Structures are given as structure tokens and as C-alpha cells.
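Observations on the model geometry
Here's the letter readout for the chains.
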Amino acid sequence: MTDAEIERLDTLRGDGTSRPSMVRQLIRAGLPVQAATRDEALTILSSLARDGRVSAAVALERALRIETGTEGDLLDNILGEGGEKK
């Protein structure tokens with residue numbers, strides 16, 4: 001940030017608000033909130049799962065299970081267990 005931008009930020013933020021907090025507030029205020037479509041969400045989760053994010057992989061598996069109407073655990077279905085609890 002330039003000195004002029006920092007000065008403007010300091011003018012906007014007032015007392016008790018840190019610079020990073022003010023920048024986040026300005027970004028949020030300037031961006032319209034739009035939820036991702038199902039396909040966009042699946043694409044994002046797929047990318048994160050490929051990068052090794054376990055929570056994304058779990059969320060992706062759940063989303064795909066709901067989409068296909070599969071009951072039980074997908075791994076159990078692949079292994080032929082049928083997702084039944086024993």
C-alpha cells in the first residue's frame with residue numbers, strides 16, 4: 001500500500017479497529033455475496049480433495065452420496081459391503 005492509501009485507511013478505520021480488520025471489512029462490503037452453485041461447489045471440493053484436504057474429500061463424498069441416493073458409506077459400497085451396519 002502507498003502512504004496515501006495507508007493514510008486513507010487510517011482515516012476510515014477510526015479508533016479500536018486494526019488495519020487488517022478494516023481491510024477485511026472493506027473487502028466484504030465491496031463484494032456481493034453469492035452462493036456457489038452445486039457444480040461450482042463440487043469443483044472446489046474436488047480440487048481441494050486432490051490436494052489432500054481430508055475434510056474436503058469427506059464433504060465431496062457426502063455430496064456425491066446424496067446426489068446418487070446411495071445409502072451408507074461409499075467405501076463400503078465399493079468394497080461390496082452395501083453400507084449395512086453389522
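Just above sits the structure.
In this text the structure is predicted, and so the values were computed from the model without any measurement.

1. A short note on the overall build of the chain
Scanning the chain for helices and strands turns up five helices and zero strands. Secondary structure elements in the chain, listed N-terminal to C-terminal, are α-α-α-α-α. Once local pairs closer than 6 in sequence are excluded, the contacts in the chain between residues at least 24 apart make up 8%. Summed over all atoms, the accessible surface of the chain reaches about 7100 Å², with 54% contributed by carbon and sulfur.

2. Thoughts on the packing of helix α1 (residues 3-13) against helix α2 (residues 19-30)
Following both chains from N to C, one finds α1 and α2 inclined at 85°, their axes separated by 10 Å at the closest point. Relative to α2, α1 is oriented roughly perpendicular. Facing α1, whose interface residues are I6, L9, D10, L12 and R13, α2 presents R19, M22, V23 and L26.

3. Structural notes on the nonpolar core
Listed in full, the five residues of the largest apolar core are L42, L45, A56, L60 and A63. At the level of secondary structure, the elements contributing two or more residues to this core comprise α3 (38-50) and α4 (54-68). At three residues, the largest contribution of residues to this core is made by α4.

4. A closer look at the side chain of T17
Structurally, the position occupied by T17 is in the loop between α1 and α2. Given a relative accessible area of 18%, T17 falls into the buried group. Apart from residues lying up to four places away in sequence, T17 is in contact with M22 and Q25.

5. Details of the pattern of salt bridges
All chains considered together, the criterion is met by two salt bridges. One salt bridge in this structure joins R13 and D10, with 2.9 Å as the shortest N-O distance. Residue R13 and its partner D10 are located together in helix α1, separated by three residues, close to a single helical turn. Its relative accessible area of 24% is what places R13 among the partly exposed residues. Between D10 and R19 there is a salt bridge; the shortest N-O distance is 2.8 Å. A relative accessible area of 37% places R19 in the partly exposed class. What emerges from the salt-bridge pattern is a single network uniting D10, R13 and R19.

Thresholds applied
- Residues numbered from 1 in each chain as written.
- Predicted model: local features only at pLDDT ≥ 70, side-chain atom pairs only at ≥ 80, totals over all residues.
- Heavy atoms only, no water.
- Helix = DSSP H or I, 4+ residues; strand = E, 2+ residues; numbered from the N terminus.
- Contact = heavy atoms within 4.5 Å.
- Areas by Shrake-Rupley, 256 points an atom, 1.4 Å probe, with all protein chains shown as cover.
- Axes fitted to C-alpha atoms, helices over the stretch in contact; angles between N-to-C directions.
- Parallel < 35°, antiparallel > 145°, perpendicular 65-115°, else oblique.
- Core = buried A, V, L, I, M, F, W, Y, C linked by side-chain atoms within 4.5 Å.
- Buried < 20%, exposed > 50% of the residue type's maximum accessible area, 1.4 Å probe, protein only.
- Salt bridge = Lys/Arg side-chain N within 4 Å of Asp/Glu carboxyl O.

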